[in-house]
Every structure is written in structure tokens, then in C-alpha cells.
Amino acid sequence: MSRFRLDPDRLPPEAEKLRGEVRSFLADELKDFPAWKRAYTWMGSDPDFSRKVGERGWIGMTWPERYGGGERTSFERYVVLEEMLAAGAPVAAHWIADRQSGPLLLKYGTEEQRHEILPGICRGEVYFCIGMSEPDSGSDLASVRTRAEPDDGGWRINGTKLWTSGAAGAHYMIALIRTSVAEKKHQGLSQFLIPLQNRDDVSIRPIRDLAGNDHFCEVTFEDTRVDADALIGEEGAGWGQVMAELAYERSGPERYLSCQPLLEGLARHLGPAPSERARIAIGKQVAHLATLRQMTLSLAGLLERGENPALEASVTKDLGGVFEQDLPGIVQGLVADEPRTDDDGSDLQNLLAHLTQNAPSFSLRGGTREVLRGIIARGLGLR
Amino acid sequence: MSDARGLIAETVERLFGDALTPEDIARAEAGQWLAPLWQSVEDAGLTRALLRPENGGADGDWLDVFEIARAVGRHSVPLPIVETILATWLLERAGLGIPEGPLGLLPTAVDGRVGERADRVPWGRSASHLVGIATKDGEARVLCVDAAKLDVREGQNVALEPRDDVVLTDALVTGEPPLARETVRLYGALLRSVQMAGALERILDQSVGYAGERTQFGKTIGSFQVIQQDLARLAGQVAEVSMAAEVACRAACESRETPSTIGATGDPAFEIACAKIVAGDAAELGPRIAHQVHGAIGFTYEHTLHFSTRRLWAWRAEFGSGEEWARDLGTIAQRESDGIWALVTSR
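Computed from a predicted structure; not experimentally measured.

Engineer: Would you mind going over the overall build of chain B in detail, with residue names and values included?
Structural biologist: Within chain B, the secondary structure is distributed over 11 helices and 9 strands. At 20 Å, chain B has a C-alpha radius of gyration in line with the 20 Å of a compact globule built from 347 residues. A principal-axis box enclosing the C-alpha atoms of chain B has dimensions of 70 × 55 × 40 Å. Counting only residues that meet the buried cut, chain B has 54% of its 347 residues in that class. Once local pairs closer than 6 in sequence are excluded, the contacts in chain B between residues at least 24 apart make up 70%.

Okay, here's the thing in C-alpha cells:
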């Protein structure tokens, strides 16, 4: 019988208590934050904002206190995340470190690395990017060709990572790199922690996207030398480590909330008495929104209990991606206003312009729709 | 899952999985009443799941009912089990006696006048009594009418389940205290959503099974990526509807006594609306994929796929379509001055 382990869960009172605190923080901090910037949600980067979030203790919330963490529950962290995303707060600078790089270092890093790096992440000062895709490796991630070779007690890295979000502002990359050529391509891969700043053997080139932004980058390693402890976890076990990490990357509320500022903008634009057609459209979005929220909450519960919900996360991210990708078209179907990126456009027009253009990325980033559905099909026993 | 829920889930799976054959369902669709199965259902106490022990009930809650209704949907059980569960619950709340036998539900509120017609009554012809909501002098009360004293005009839904028009003739009994006018529509929508979650599970299992057996171009069709992608989408529909339906049952468990309006604290209408909307959408995509995967054989009456897909198409329109619930929910959401997110997170 095909059933997923997605049982309804519930935020405990201590997590719910945090909601008001986060909302009033955001109301203050984002008082003059324009609508079009909210459209970037977790792709919008602002180190000042990240530092303030860090001051509140809202980065690395679940990590041990000895590394600067807050030793709070995944549910408390969940409330902070979903409130930040729903408000369209510019969380990008610290997002990846908080979501997956920090947890990875907690699991596989050396004690020295943890003490050196984690407190800075928690303060909102140290940022990470994830080096996975390459010019010839996208969905077929195991085909990566960037190589690391032993070099005088450390490693020497050569190759290129592509579509790396936030690399230009990041202090570190955690990269999936080939350390040996094995019979099976999933073997012989390892994860490396690579410091990115102030070095001339790494070049970072931002790539302009169709909407004119430069979130993602090409990162080239030319005889880049790292120390022995840059190898994270076990040599050759990188594939398994990455798959476990992807459960964090694919399970969060950012996988259905990318268009939330637009949905709120639409509701405001329509006013208290919209047409019946508009009310039906909004009612449908609310129903899916509320259900996707319950699904991600359930995933947070599974992660809190130490399980690896890779399959359930893929199901949720796939549904969430369809949901958030549909929204700009639904909004455009309800309003006569054209999307506009210029200053004279209304808030709704600005949100619509940015999210219409960014929507194609929702089913590409963090694993394409096709890859996710392949994982689900495997879960169904079809492959 | 509680022990009680687990036990119920086992019971219904055994009862419907073993004792109900496709031939039985076909006979029911031809108009036959499955008396032995109904007897087993009553003997297992399923129809009185929500009642207090003094009324012969199991003192269960809506999450127990979730297990029953999901199995009813999963196995296309052609009996008024969920209708009787809801009817007995209404009667107990109204302080009325609980009659024996299968009960029918009046899907919309009536005035309770003699000679008044009630349309599309699930299982009207088979029920010993019909239960619904009657509004009188501005107040809505539970109504129970002896089915022997009705004129029944037989009809059916697209799944060939009885949906009869009746004329109320006599002996109307109404109970206390007053309830919300929409109570039957609301809890009817809840039950249909759960049944739909079950039916979607079934068509996913059938489709995955078929894709693993059927060979074309020298390999099983399930090994083609295009089929895998479609079945993955179907699995997503199952996951979403199951979550929405279970969350709605949880909300019903925690509801205060008198249902009022969508969005009110302690009222499950928000969650039930979400479930019926999500299930309604899945009732479009789900059967499409299942039939596409099955090809021509799934379009025959001989194959059992249609028992589930026709139910999905019928149930999505009953007790309020997804569009009707979306209009209600959208109206509430628009009135929420703090925005949609504030509404969703207040639940």
C-alpha cells in the first residue's frame, strides 16, 4: 500500500510563542522594504539584515550552545523560517549556511572547524554556497568532473562549478568533488570545505539571469590548494552525504512560499469585495497553501526525530514547486495590470514582474522537477 | 496513531479487503443491497463509531472515522457507512433516539414542511430513517424522519450510488440544541474528502501495479520515464489529499460544540474547506493519470479502476464542490485584514 510517512504534526506552544516576536522584528526591519525586493524572498541578500537576525539568535537555532547555537527545537526554527519567507525578508546571505552547511559541519566537520566557523554563521557573518552543478553536470549530478588530488598532505582542486547561488558573497563553498575514478559514478565522490575569500586560485564570475539579477555564479578552481581537513566526512562517501543533505535542502517552507508576497499583494489589490471568480481563485490558493504548510511541518517533525524523509521531501517540493510556479499566471489572469519593473509600477505590478520572471527557476533549483519525480517513482518501486 | 485507530484500520482493511469482491460492487451498482456486508459493518460497530457507550457506541473521534472513511473510499464500499456515522452523531448531539439500520442524510437543510422535497439524498431508498437539518423560525435543528413514510424517486450519482429525491410526508422529529444550518454539508464534505483520499490511494496502487506488469516495446511500461513522471504526480496528489483530509479530521476532533463559520476559532470549517478543495482538484488530475496509464483496459467495466475513478468524479461534486468551498474560503480570506498568511498560521 502506497502511503507516505507524512502524518499531521503540530507546532508546540514554545514555537508558536516565537511567531509574534519574529513578526514585530520584521515589521520594524522591513518597514521601508519595497515590494519588489520582497519578491526575491530567500534569493535576496542583505548582510546587515543577516547580522540582525543573528543578534536575535535566529541563525543556528538548533545547534549546540558551545558553537554559538541556541539549542532550540526544529519547530522553533521552523516558525522563524516561515515568517521570514512569508514576509519576503532578505535572508539569502545566511540561508544556506543555516539550512545545510552548518548541520553538515556539525555532523562531519572537525572540532576545530566547528569552533572556527559555526559561531560566525550564528552571528549572521559567515556565509556559504553549495558547489554541486557543473557545466556538464546538472540533473546528472554524479557525473561531476571537478577533481581533487592529494597534494603534499592536502588536496589540489581543479574544475568548474556552475549555477552556484550566492558564491560571490560567500566565505566558504561546500563542494561535491571527484577524488577517484570508480566503476560506478556514484562512488569516488567526496565533499570539501573550500574557503573562497582573498585567494587568487579561485575565480568567481556572477552570471546575469533573465531578470537581470546575478544570484548565481560560475566558480573556477585552478590548482586550488586546501588542507587535509578540508575533506568533509569520509573520502568517497560524498554521494550519500549529499543525498542526506538534500533532505534539508528540499524539505523547508522555502519550497512553496516563494510567491507568498505576491499572493498577499493580490489580496490587498483586490480589496474586501472581489469578484466571485477572484474569490474562488484565492480560496483555492489558500487551500493548497495551508495543506503544503502542513506537509512541510510534518517534514520538520520527521527531521526533528532524526529521520531522513528524502522521499517525502521530494513529494512536497514537487507539489510546492507547481503551486508557487502557478501563482504569477493565476494573478495575471485576475488583474488587468501589466507586470512592471520600473519605479512607477504599483507594488502588485512589481511583484508580478519579478515573480513571473523568476518562476521558471522554482522547478529547477534544488533538484529539477524531473529528478524529484524520479526519486518519487523509485519510492513507488518503479525503478 | 493511537492504538484504537490502528485497530480500526486493521478491522476495516480486513472487512473490506477480504469480504468485498468486484462482483459485489457490480451487484450493488445494479441495485442490490449488500445485506451480509452491512451486517458485518454493524456488528463491528463501525456505524456507531462516534457514539457514546450508552448509545452502543465506541466513543471514538473523527480520526477514528478517518480510518473508516478512507477504507470505504479505498475499497469503493457501496454502503451508506459514512452517512450513517454522521447521522447517528447528529442524532446523539440532538438528544434523539438512534434508530436501527442504515441511515440516509439530507444533504441540504430543509424547512421541514410536510410535502417538501429533498433532492439527491444519499441512500434514501435503503435507509430506515433520514437525518438532516431543518430550519424553523430562524433556528436550525436536527431532523429525523421515518423513511417508511416517504415518497422516494430513485436516482443515482455517476458512481451508481443511490441518490434519491424524497418527499417529506409525516412524523418529523426535531431535536435540541440548535445546530448550524450548514452542519450536514460541512461534515459531509469532510467525509467525502477522506473517502476521496482513499480512492486516490487505490488508483495509485492499481496504476503502479499495472505499470509494473504491462509490457510494451519489450519492457514494462513503468520503466518508461514518462509513465514514472505521471505516477509520481499522482503520488503527490495522494499525499496532499491525505494530509488535508487528516488535518481536517483532527480539526473536527478539536471543534467546539456549535459549528459556525469558516475561519472562526475552534471551528473545523477552514480545514474541511481546504480538504474538499484539494480533493476536488486531485479528482481531476488523479483519474486522468490513472486512466492514461491503464490504457483501454481501464476504460472497460470489467476492469475495476472505474469503481474508484467514478466515485472521485461523483464525490467531488457532493456536499459542495471544490469551487463552492473555494468561494467560501476565498471570501473569508479576503476579509482577513492581516492577510492570508495570518489566517493560515492562526489555524
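Having seen the model, we can carry on.
Engineer: Explain helix H4 (residues 74–87) of chain A to me, using residue names and the numbers behind them.
Structural biologist: Residues and elements named next belong to chain A. Its 14 residues give H4 an end-to-end C-alpha distance of 20 Å, which sits within 8% of 20 Å, the value for a rise of 1.5 Å per residue. The buried count for H4 comes to 13 of 14 residues, which makes it a mostly enclosed element. At the C-terminal side of H4, Gly88 shows a positive phi close to 70 degrees.

Engineer: Can you explain the domain arrangement of chain A? Please cite residues and give values.
Structural biologist: Residues and elements named next belong to chain A. On domain assignment, one finds that chain A holds domain 1 (13–126), domain 2 (130–238) and domain 3 (252–379). Taken over C-alpha atoms, the centre of domain 1 sits 21 Å from the centre of domain 3. On the domain 3 side, the residues contacting the 16 residues of domain 1 number 18 residues. Listed by contribution, the elements that provide at least two residues to the side of domain 1 that touches domain 3 are helix H2 (35–38) and H4. Counting residues per element, the side of domain 1 that touches domain 3 draws most heavily on H4, at 7 residues.

Engineer: Describe helix H7 (residues 238–251) of chain A, with residues and values.
Structural biologist: Residue and element names in this part refer to chain A. Taking 1.5 Å per residue as the helical rise, H7 with its 14 residues ought to reach 20 Å, and the 20 Å between its terminal C-alpha atoms agrees with that figure. Here H7 has its buried residues at Gly238, Trp239, Gln241, Val242, Glu245, Leu246, Ala247, Glu249, Arg250 and Ser251. Those residues of H7 that are buried are in contact with helix H5 (92–108), strand S4 (172–178), strand S5 (189–195), helix H9 (276–304) and helix H10 (310–334).

Engineer: Explain the environment of B:Ala30 to me, and be specific about the residues and the numbers.
Structural biologist: Residue and element names in this part refer to chain B. Turning to its location among the elements, Ala30 is positioned in the loop between helix H2 (22–29) and helix H3 (35–43). What makes Ala30 exposed here is the crowd of 8 C-beta atoms within 10 Å. With 224 residues separating them along the chain, Ala30 and Glu254 place their C-alpha atoms 40 Å apart.

Engineer: Talk me through the nonpolar core; I want residue IDs and the actual numbers.
Structural biologist: A general tendency of soluble globular proteins is for nonpolar side chains to be buried together. Core analysis: the biggest nonpolar cluster contains 229 residues, and A:Phe192, B:Ile68, B:Leu190, B:Leu231 and B:Ala248 have the highest contact counts within it. Aside from chain neighbours lying at most four places away, what touches A:Phe192 is A:Ala148, A:Trp155, A:Ile157, A:Ala175, A:Ile177, A:Val226, A:Ala230, A:Leu231 and A:Ile232.

Engineer: Residue-level account of the sheet that holds strand S6 (residues 163–167) of chain B, with values.
Structural biologist: Residues and elements named next belong to chain B. On the basis of which strands lie adjacent, the open sheet formed by 3 strands has the order S2-S6-S5 and antiparallel pairing. Strands with a single pairing partner mark the edges of an open sheet, and in this sheet they are strand S2 (117–122) and strand S5 (151–153). Averaged over all pairs of adjacent strands, the angle between their axes in this sheet comes to 30 degrees, without regard to strand direction. Looking at chain direction, S5 and S6 are connected through 3 bridges and run antiparallel. What sits directly across from Asp151, in S6, is Val167.

Engineer: Explain the pairing of strand S3 (residues 129–136) of chain B to me, using residue names and the numbers behind them.
Structural biologist: All names here are of chain B. Most of S3 is tucked away, with 6 of its 8 residues classed as buried. Of the pairings in the sheet, the one linking strand S1 (residues 103–105) to S3 comprises 3 bridges and is parallel in character. By the bridge assignment, Gly104 is partnered in S3 with Leu130. Bridge count for S3 against strand S4 (residues 139–146) is 8 bridges, and the pairing is antiparallel.

Engineer: Mind laying out the interface of chain B and chain A, listing which residues take part and the relevant values?
Structural biologist: It is common to report an interface's size as the accessible area lost on association of the parts. Facing the 44 residues of chain B at the interface are 42 residues of chain A. When residues of the side of chain B that touches chain A are traced back to their parent elements, those giving at least two are helix H6 (183–213), helix H7 (225–253), helix H8 (269–294), helix H10 (322–335) and helix H11 (340–345) of chain B. Tallying contributions element by element places H7(B) first for the side of chain B that touches chain A, with 15 residues.

Engineer: Describe the packing of H7(A) against H10(A), listing the residues and the values that go with them.
Structural biologist: Residue and element names in this part refer to chain A. For the pair H7 and H10, interaxial distance at closest approach is 9 Å and the crossing angle is 35 degrees. Where H7 crosses over H10, the two elements pack in a sense that is left-handed. Contacts between H7 and H10 involve Met243, Leu246, Ala247, Arg250 and Ser251 on the former and, on the latter, Ala310, Ala313, Ser314, Thr316 and Lys317. Within the contact of H7 with H10, the residues separate by chemical class into 5 nonpolar, 3 polar and 2 charged.

Engineer: Can you lay out the pairing of strand S2 (residues 147–151) of chain A for me, pointing to particular residues and giving the numbers?
Structural biologist: All names here are of chain A. In this structure, S2 lies alongside strand S3 (residues 154–165), joined through 5 bridges in antiparallel fashion. Within the sheet, the bridge partner assigned to Pro150 lies in S3 and is Trp155. Counting the residues between successive antiparallel strands, the hairpin from S2 to S3 contains 2 residues, one of them, Asp152, with a positive phi of roughly 50 degrees.

Engineer: Lay out the sheet that holds S3(B) in plain terms, naming residues and giving numbers.
Structural biologist: Residues and elements named next belong to chain B. The 4 strands are arranged S1-S3-S4-S7 in an open sheet whose pairing can be described as mixed. Two strands close off the open sheet at either side, each with one partner strand: S1 and strand S7 (172–174). Across the sheet, the mean angle from the axis of one strand to that of its neighbour is 35 degrees, orientation sign disregarded. Of the strands in this sheet, S1, S3 and S4 touch helix H5 (residues 81–93), which is tilted by about 85 degrees from S1.

Engineer: Give a description of the domain arrangement of chain B that names residues and reports values.
Structural biologist: Residues and elements named next belong to chain B. Partitioning chain B into domains gives domain 1 (3–174) and domain 2 (183–345). Summarising the inter-unit geometry, the C-alpha centres of domain 1 and domain 2 are found 22 Å apart. The interface of domain 1 with domain 2 comprises 26 residues on the first partner and 28 residues on the second. Elements represented by at least two residues in the side of domain 1 that touches domain 2 include exactly H2, helix H4 (62–74), H5 and S3. It is H4 that contributes the most residues to the side of domain 1 that touches domain 2, 10 residues altogether. When grouped by side-chain class, the residues that make up the side of domain 1 that touches domain 2 number 17 nonpolar, 5 polar and 4 charged.

Definitions and cut-offs
- Residues numbered from 1 in each chain as written.
- Chains lettered and ligands numbered in written order.
- Predicted model: local features only at pLDDT ≥ 70, side-chain atom pairs only at ≥ 80, totals over all residues.
- Helix = DSSP H or I, 4+ residues; strand = E, 2+ residues; numbered from the N terminus.
- Rg over C-alpha atoms; globule rule 2.2 N^0.38 Å.
- Buried ≥ 20, exposed ≤ 12 C-beta atoms within 10 Å, placed from the backbone.
- Contact = placed C-beta atoms within 7 Å.
- Expected span 1.5 Å × (residues − 1).
- Domains from an automatic or database assignment.
- Core = buried A, V, L, I, M, F, W, Y, C linked by C-beta atoms within 7 Å.
- Pairing = 2+ DSSP bridges.
- Axes fitted to C-alpha atoms, helices over the stretch in contact; angles between N-to-C directions.
- Left-handed = near helix turned anticlockwise from the far one by under 90°.
- Nonpolar A, V, L, I, M, F, W, Y, C, P; charged D, E, K, R; others polar.

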